[in-house]
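Structural characterization, general
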Amino acid sequence: MTSLTDLLAAPGIIVAPGAHDALSAKLAAKAGAKVVYMTGFGVSGASFGLPDIGLVSAAEMSERVRAIAASCAPVPLIADGDNGHGGPLNAARLARAYEAAGAACIQIEDQVFPKRCGHMEGKEVVVIEEAAAKIRAAAEARESRDFKVMARTDARATHDLDEALRRGEAFLKAGADILFIEAPRDEAELRKVAETFEGVPLVANIVEDGKTPYLGAKALEALGFRIALFPVSALLAVTARLQGVYETLVKGEGLPDGEPRVTFQRYNELIGLGEMMAEAAEIARDGK
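Residues numbered from 1 in each chain as written. Predicted model: local features only at pLDDT ≥ 70, side-chain atom pairs only at ≥ 80, totals over all residues. Heavy atoms only, no water.

**Remarks on the overall build of the chain**
Cut-off, in case you're wondering: Helix and strand definitions here come from DSSP, where helices need a minimum of 4 consecutive H or I residues and strands a minimum of 2 consecutive E residues; each element is numbered from the N-terminal end. Radius of gyration here is computed from C-alpha atoms only, and the compact-globule reference equals 2.2 Å multiplied by the residue count raised to the power 0.38. Three exposure classes are used, based on accessible area relative to the maximum for each residue type with a 1.4 Å probe and protein chains only: buried under 20%, partly exposed in between, and exposed over 50%. Only heavy atoms enter the contact rule, under which two residues are in contact if any of them lie within 4.5 Å. All accessibility values rest on the Shrake-Rupley procedure with a 1.4 Å probe; residue burial counts only the protein chains present in the view. Residues counted as positive are Lys and Arg, residues counted as negative are Asp and Glu, and His and the chain ends are not counted. Charged side chains are reduced to one point each, which is NZ for Lys, CZ for Arg, CG for Asp and CD for Glu.
The helix and strand tally for the chain stands at 13 helices and eight strands. Radius of gyration (C-alpha) of the chain: 20 Å, near the 19 Å computed for a compact globule of 288 residues. Judged by the C-alpha coordinates and their principal axes, the chain covers about 60 × 50 × 35 Å. Buried positions account for 47% of the 288 residues belonging to the chain. Intrachain contacts of the chain at a sequence separation of at least 6 include 71% that bridge at least 24 residues. Element-wise, carbon and sulfur atoms account for 55% of the exposed surface of the chain, whose accessible area totals about 14000 Å². Across the chain, the mean location of the 32 positive side-chain charges is 2 Å away from that of the 41 negative side-chain charges.

**Description of the sheet that holds strand β8 (residues 227-230)**
Two modes of strand pairing occur in sheets, parallel and antiparallel, and in both the strands are linked by backbone hydrogen bonds. Here is the rule: Two strands pair if DSSP finds at least two bridges between them. Every angle, taken between N-to-C directions, lies between 0 and 180 degrees, and every axis is a line fitted to C-alpha atoms, over only the stretch in contact when it is a helix.
Overall, parallel pairing links the eight strands, which are arranged β1-β2-β3-β4-β5-β6-β7-β8 in a closed barrel. On average, each strand axis in the sheet is tilted by 25 degrees relative to the strand beside it, whichever way the strands run. In this structure, strand β2 (residues 36-38) lies alongside strand β3 (residues 77-80), joined through three bridges in parallel fashion. Note that in β3 the partner of M38 across the bridge is A79. Across the sheet, helix α5 (residues 88-101) lies against β2, β3 and β4 (105-109), angled at about 155 degrees from β4, the strand it touches most.

**With respect to the side chain of D82**
When you line up the elements, D82 lands in the loop between β3 and α5. With a relative accessible area of 6%, D82 lands in the buried category. Residues within four places of D82 in sequence aside, it is in contact with D52, M61, Q107, I108, E109 and K115.

**Some words on empty space enclosed by the protein**
Counted only if it meets this: Only protein atoms enter the 1 Å grid used here. Points where a 1.4 Å probe fits but cannot escape make up a cavity, open sets with protein on both sides within 12 Å along at least five of seven lines make up a pocket, and a residue lines them when an atom lies within 4 Å of a point. Grid points are joined across faces, edges and corners, and a volume is the space filled by probe spheres set on the points. Gly falls in the polar group here, along with every residue not listed as nonpolar (Ala, Val, Leu, Ile, Met, Phe, Trp, Tyr, Cys, Pro) or charged (Asp, Glu, Lys, Arg).
Inspection of every chain in the model, using the stated rule, returns two cavities of 30 Å³ or more. Its volume calculated, the largest cavity comes out at about 50 Å³. G40, S44, D52, G54, L55, V56, M61, D82, H85 and K115 together form the lining of the largest cavity. For the lining of the largest cavity, the residue count by class is three nonpolar, four polar and three charged. One number sums up the size of the second largest cavity: a volume of about 40 Å³. Counting only elements with at least two residues in the lining of the second largest cavity, the list comes to β4 and α6 (128-141).

**Concerning the pattern of salt bridges**
Between side chains of opposite charge, a pair can form as their charged atoms come close. Selection rule: When a carboxyl oxygen of Asp or Glu is within 4 Å of a side-chain nitrogen of Lys or Arg, the pair counts as a salt bridge.
Following the criterion strictly, the structure yields 13 salt bridges and no others. Note that R167 is salt-bridged to D110, the shortest N-O span being 3.0 Å. With R167 in helix α8 (residues 161-173) and D110 in the loop between β4 and α6, the pair connects residues that are 57 residues apart, well separated along the chain. Members of the salt-bridge network, linked through shared partners, are E109, K123, R152, D154 and E182.

**A short note on a nonpolar patch on the surface**
Formally: In this analysis, a patch consists of residues with relative accessible area above 30% that form no salt bridge, clustered at 9 Å for like charges and at 5 Å for the nonpolar side chains Val, Leu, Ile, Met, Phe, Trp and Tyr.
Judged by side-chain polarity, V238, L242, Y246, L249 and L255 come together as a nonpolar surface patch covering roughly 420 Å² of accessible area. The exposure class assigned to L255 is partly exposed, which follows from its relative accessible area of 36%.

**Here we look at unusual backbone geometry**
Of note, the amide linkage connecting A73 to P74 takes the cis form, showing an omega dihedral of 10 degrees. If you trace the backbone, P74 turns up in the loop between α4 (58-72) and β3. Here the phi dihedral of D82 falls at roughly 50 degrees; this positive angle occurs in a residue that is not glycine. Within the chain, D209 stands out as a residue other than glycine whose phi angle is a positive 65 degrees. Relative to the helices and strands, D209 is located in the loop between β7 (202-205) and α10 (217-223). On the basis of relative accessible area, D209 is assigned to the exposed category, the value being 81%.

**A few points about the pairing of β3**
Note the cut-off: We call a crossover right-handed when, viewed with the strands running away from us, the connection from the first strand over the helix to the second turns clockwise.
Along β3, one buried face is formed by L77 and A79 and the opposite face, lined by I78 and D80, is buried too. In this structure, β3 lies alongside β4, joined through three bridges in parallel fashion. Residue pairing for β4: A79 is matched across the bridge by I106. Crossover β3 to β4 through α5 is right-handed.

**Quick look at the packing of aromatic side chains**
Here is the rule we go by: Stacked, tilted and edge-to-face are the three classes applied to pairs of Phe, Tyr and Trp rings, where Trp contributes its six-membered ring and a pair requires centres within 6.5 Å; stacked means planes under 30 degrees apart, edge-to-face means over 60, and tilted covers the rest.
All chains considered together, the criterion is met by one aromatic pair. Here the aromatic rings of Y214 and F230 are separated by 6.4 Å at their centres, their planes lie at 70 degrees, and the arrangement is edge-to-face. Placement of Y214 in the loop between β7 and α10 and of F230 in strand β8 is noted, with a sequence separation of 16 residues between them. For Y214, a relative accessible area of 48% translates into the label partly exposed.

As structure tokens, then:
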């Protein structure tokens, strides 16, 4: 499988679907994703039943990185590190933890604590010097340059696009490998970001019902972006399905014939039961 370093060096846009748990990451990889994105919004909701407002700890997020990275391996995982869960030393420690847990990249943003999802209202950002210091600390803490640091700014919402661009420049100087200007409001702003940072690996974050125009990967590539995140598409779709299924089940009727689902056998195939049983049998034979 191609590394994130090699993917960034190759032509074409990288589509990174969001995964909220190990099962969704495994299915994304099996569907052919070249990169999987661990969404903090999704982990907060799927693993803890909480909104994305900074309630999940660094240790809890690191545990999820380990499980999700293992589940989608060898496909590279970009993992949401929120605002580094503290100051520069916290960001450095989190970067080391994510790298050790198997992620290929950590995303760190410039919001205050507690943070909010990038497409929510009421966000605030720290001063540019503090934000850049976190990026520098994360970049210097990593064991390998193949572990990437993605720097995100939410300053478009709190200030304006010019401030977001200024912060992007500061984050690149601090050692960021990938730049993420969150929530441009229209195609003109997306184009401005791409023109300002020509040649830099840029992220476009595409959220259903969000603040950025809902563009496909080809359109984003034409604008100059290298990574297209679709962080919560699967989560929102699965949530609707879960609601419907549970509403049916609590009536005591079970799933009706024809309800979309995988078979019990197919689920076990997807989750890797056959391979694991074969591995166990081989280990048993070698031990005799």
